[in-house]
Amino acid sequence: MRLPDGPERPDLIHTAEGKGRRRGDDVRERILRAALECFSAFGFEGTSTRAIAAKGGLTHSLVLYHFESKDQLWISTMDAVFGAVVSDLAITITESQGPADKVLRGFIAKLVRVVAEHPEVNRIMTMEGGQDTERLRYVMKAHGRQIFNDFCSLIRRGQEEGTVRQCDPARMYFHVVASGESTFSKAPQYKELTGRDAFSEQEILRTIAFLYDIVFLPAGDFQA
């Protein structure tokens, strides 16, 4: 099955740049990009290294030269993807100051923009998140737990400050992530039913505002 061409999105996978960049770096990047698209469309079981090679316009032997197995390629793809995501979100937290609700608003806005730019990540985790596999345990331990812990910590602090709804922070995390990513990972269905482009700036801002309503107490309800 041939993957359909989709709208161009900013690259999440980068390797060395500049004059010192080697041909091997370019090849690895092409493989990782192709792997991300294939894994997001067909899942781990439905993807082969030959399909990834074909998607990247490379030989199968070249894919196996850089990544010895499909398992290793999946891990490398997730490291490249989530390494960038976690770093981006962590910077949002560490560079922000002030009350928890201010930091949390920045965190949510950044999270929405990340999943809007890279819906393939959402599709992969939708498939992997429903399976008890070594792959899931790896990506959660290496990358997912940090985002989860940071978010829950901000929720608890906001609750103590009286600006965030009282609830289980873990449930709030899953609710926010699911609500934030669904319109992007199901953009064709969303457009068919609403006539709106989920990736437009207006819709992205509406999604962020919707999540703010879920997480934060109305201004008049702030607790002293």
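For clarity, every value in this text was computed on a predicted model and none was experimentally measured.

*Asks:* Break down the side chain of Glu120 for me, with residues and values.
*Replies:* Its place among the elements puts Glu120 in helix H6 (residues 119-128). Buried within the structure, Glu120 lacks any salt-bridge partner; Arg123 is the closest side chain of opposite charge, at an N-O distance of 4.9 Å. Those residues within four positions of Glu120 in sequence are excluded, and the remaining contacts are Leu36 and Ser40.

*Asks:* Kindly report on the layout of surface pockets, identifying the contributing residues and their values.
*Replies:* In this structure, the second largest pocket encloses a volume near 760 Å³. At the level of elements, helix H4 (70-94), helix H5 (100-117), H6, helix H7 (134-161) and helix H8 (169-185) are the ones that each hand at least two residues to the lining of the second largest pocket. In the lining of the second largest pocket, the residues fall into 15 nonpolar, seven polar and four charged.

*Asks:* Explain the nonpolar core residue by residue, including any values.
*Replies:* Counting 34 residues, the largest nonpolar core has Leu104, Ile108, Phe151, Phe184 and Val215 as its most contacted members. Listing elements by their share of this core, those giving two or more residues are H4, H5, H7, H8, helix H9 (187-194) and helix H10 (201-215). Counting residues per element, this core draws most heavily on H5, which supplies ten residues. Those residues in contact with Phe151 that lie beyond four places of it in its chain are Leu104, Phe107, Ile108, Pro169, Met172, Tyr173 and Val176. The next biggest cluster of nonpolar side chains, apart from the first, holds 24 residues, and it includes Leu32, Ala35, Phe67 and Val139.

*Asks:* Residues and numbers for empty space enclosed by the protein, please.
*Replies:* Rolled over the atoms, a probe sized like a water molecule indicates the empty space that remains. For the structure shown, the criterion picks out one cavity of 30 Å³ or more. Considered as a void within the structure, the largest cavity measures approximately 40 Å³ in volume. Considering the residues around the largest cavity, the lining is formed by Leu111, Val112, Val115, Val176, Val177, Gly180, Glu181 and Leu211. Every element with two or more residues in the lining of the largest cavity is listed here: H5 and H8. Broken down by element, the residue count for the lining of the largest cavity peaks at four residues, all from H8. A class-by-class count of the residues in the lining of the largest cavity yields six nonpolar, one polar and one charged.

*Asks:* Account for the side chain of Asn122, naming residues and giving values.
*Replies:* Mapped onto the secondary structure, Asn122 falls in helix H6. Setting aside residues up to four positions removed in sequence, Asn122 forms contacts with Val115, Glu181, Phe184 and Ser185.

The rules behind these values
Residues numbered from 1 in each chain as written. Predicted model: local features only at pLDDT ≥ 70, side-chain atom pairs only at ≥ 80, totals over all residues. Heavy atoms only, no water. Helix = DSSP H or I, 4+ residues; strand = E, 2+ residues; numbered from the N terminus. Buried < 20%, exposed > 50% of the residue type's maximum accessible area, 1.4 Å probe, protein only. Lys, Arg positive; Asp, Glu negative; His and termini not counted. Salt bridge = Lys/Arg side-chain N within 4 Å of Asp/Glu carboxyl O. Contact = heavy atoms within 4.5 Å. 1 Å grid on protein atoms, 1.4 Å probe; cavity = no way out; pocket = protein on both sides within 12 Å on 5 of 7 lines; lining within 4 Å. Points joined across faces, edges and corners; volume = space filled by probe spheres on them. Nonpolar A, V, L, I, M, F, W, Y, C, P; charged D, E, K, R; others polar. Core = buried A, V, L, I, M, F, W, Y, C linked by side-chain atoms within 4.5 Å.

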